[in-house]
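What follows is the residue order along each chain.
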Amino acid sequence: MTESTKTVVFQAGNEEYAIPILFVISIEKMEGMTAIPHMPDYVTGITKVRGDLIPVIDLEKVLYNRDIQADDKTRLIVLETSDISLGVLVRDAKEILEIPQENLKQPGLIAYQNTKFITGIANVEKRLIMVIDPDTLIQSLEGIKEIKDYMKSKKQEIPN
């Protein structure tokens, strides 16, 4: 039996990306976002998902340094990493896809500090899909410690 990784495939920019499904809590429509002043520019605000407040990051801002153009296909992928729960805004969450291990290649980019969160490139049915490790992505974001501290302080303020 060959090993495979189940992933959620989504679009950011014009490219396809995937996040292992183990990190994904849910995929939501984007609604009810509250902007927070003085946050890093990749943070669009906070939102409430299933009773929890979570920070929301714009993946297009992180990857391409431009704001996402939100429309009816825009989705919020809610992730649970070892550090923090958060929402990731993406252009379109397309499908759940099983990526066979033999279709996954390690990119030479992994040594490049700014893209070390891209852990593999999958070649599936003539598509190139970049696989993102959410833990590494979060650790690579500047200011994430302050965001975690802010979310902890907000959690204590909110009555159940």
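Analysis parameters
- Residues numbered from 1 in each chain as written.
- Predicted model: local features only at pLDDT ≥ 70, side-chain atom pairs only at ≥ 80, totals over all residues.
- Heavy atoms only, no water.
- Helix = DSSP H or I, 4+ residues; strand = E, 2+ residues; numbered from the N terminus.
- Buried < 20%, exposed > 50% of the residue type's maximum accessible area, 1.4 Å probe, protein only.
- Contact = heavy atoms within 4.5 Å.
- Areas by Shrake-Rupley, 256 points an atom, 1.4 Å probe, with all protein chains shown as cover.
- pLDDT = per-residue confidence, 0-100.
- Pairing = 2+ DSSP bridges.
- Salt bridge = Lys/Arg side-chain N within 4 Å of Asp/Glu carboxyl O.
- Core = buried A, V, L, I, M, F, W, Y, C linked by side-chain atoms within 4.5 Å.
- Axes fitted to C-alpha atoms, helices over the stretch in contact; angles between N-to-C directions.

Further remarks concern the overall build of the protein chain. On a plain count of helices and strands, the protein chain comes out with three helices and 11 strands. Ordered by position from N to C terminus, the α and β elements of the protein chain give β-β-β-β-β-α-β-β-β-β-β-β-α-α. Looking at the protein chain as a whole, 45% of its 160 residues qualify as buried. The contacts of the protein chain with a sequence gap of at least 6 include a subset with a gap of at least 24, amounting to 56%. As displayed, the protein chain has an accessible area near 9,200 Å², and 49% of this comes from carbon and sulfur atoms.

Chain-level pLDDT for the protein chain is 84 on average; 89% of the residues reach the 70-or-more range. The least confident element of the protein chain, judged by mean pLDDT, is helix α3 (residues 144–157) at 70; the most confident is strand β6 (residues 75–80) at 94.

In terms of residue burial, strand β7 (residues 85–90) counts as a mostly covered element, since five of its six residues are buried. One ladder, built from three bridges, connects strand β5 (residues 52–58) with β7; its direction is parallel. Following the sheet pairing, I57 is matched in β7 by V88. The pairing of β6 with β7 spans six bridges and is antiparallel. Note that in β7 the partner of R75 across the bridge is V90. The turn joining β6 and β7, which pair antiparallel and follow one another in sequence, is formed by four residues.

It is possible for side chains bearing opposite charge to pair when their charged atoms get close. Under the definition given, this model contains eight salt bridges. The partner of E16 in a salt bridge is R127, with the nearest N and O atoms 2.9 Å apart. Note that E16 is positioned in strand β2 (residues 15–20) and R127 in strand β11 (residues 127–132), a separation of 111 residues in sequence. Across this residue pair, the class does not change: E16 and R127 are buried. Linking E60 and R66 is a salt bridge whose minimum nitrogen-to-oxygen distance equals 3.4 Å. On the accessibility criterion, E60 (1% relative accessible area) is buried. Through salt bridges with shared partners, a single network forms among E16, K94, E95 and R127.

Residues F10, I77, L79 and I132 are the most contacted members of the largest nonpolar core, which totals 30 residues. Counting only elements with at least two residues in this core, the list comes to β1 (4–12), β2, β4 (43–49), β6, β7, β11, α2 (134–140) and α3. Sequence-distant contacts of L79, defined by excluding residues within four places in its chain, comprise I19, F23, V24, I25, I84, S85, L86, V88 and P134. The next biggest cluster of nonpolar side chains, apart from the first, holds nine residues, and it includes A18, L104, I129 and V131.

For the rest of this paragraph, the subject is the side chain of Q11. As for its placement among the helices and strands, Q11 is situated in strand β1. Not counting residues up to four positions away in its chain, the partners in contact with Q11 are V90, R91, D92 and K94.

It is worth spelling out the side chain of T7 at this point. Here T7 shows up in strand β1. Leaving out residues up to four positions away in the same chain, T7 has contacts with A18, I19, P20, I21, E95, I96, L97 and I99.

Quick look at the sheet that holds β5 now. The sheet built from five strands is open, its strands ordered β3-β6-β7-β5-β4 with mixed pairing. The open sheet is flanked by β3 (24–29) and β4, the only strands paired with a single partner. Neighbour to neighbour, the strand axes of the sheet diverge by 30 degrees on average, direction disregarded.

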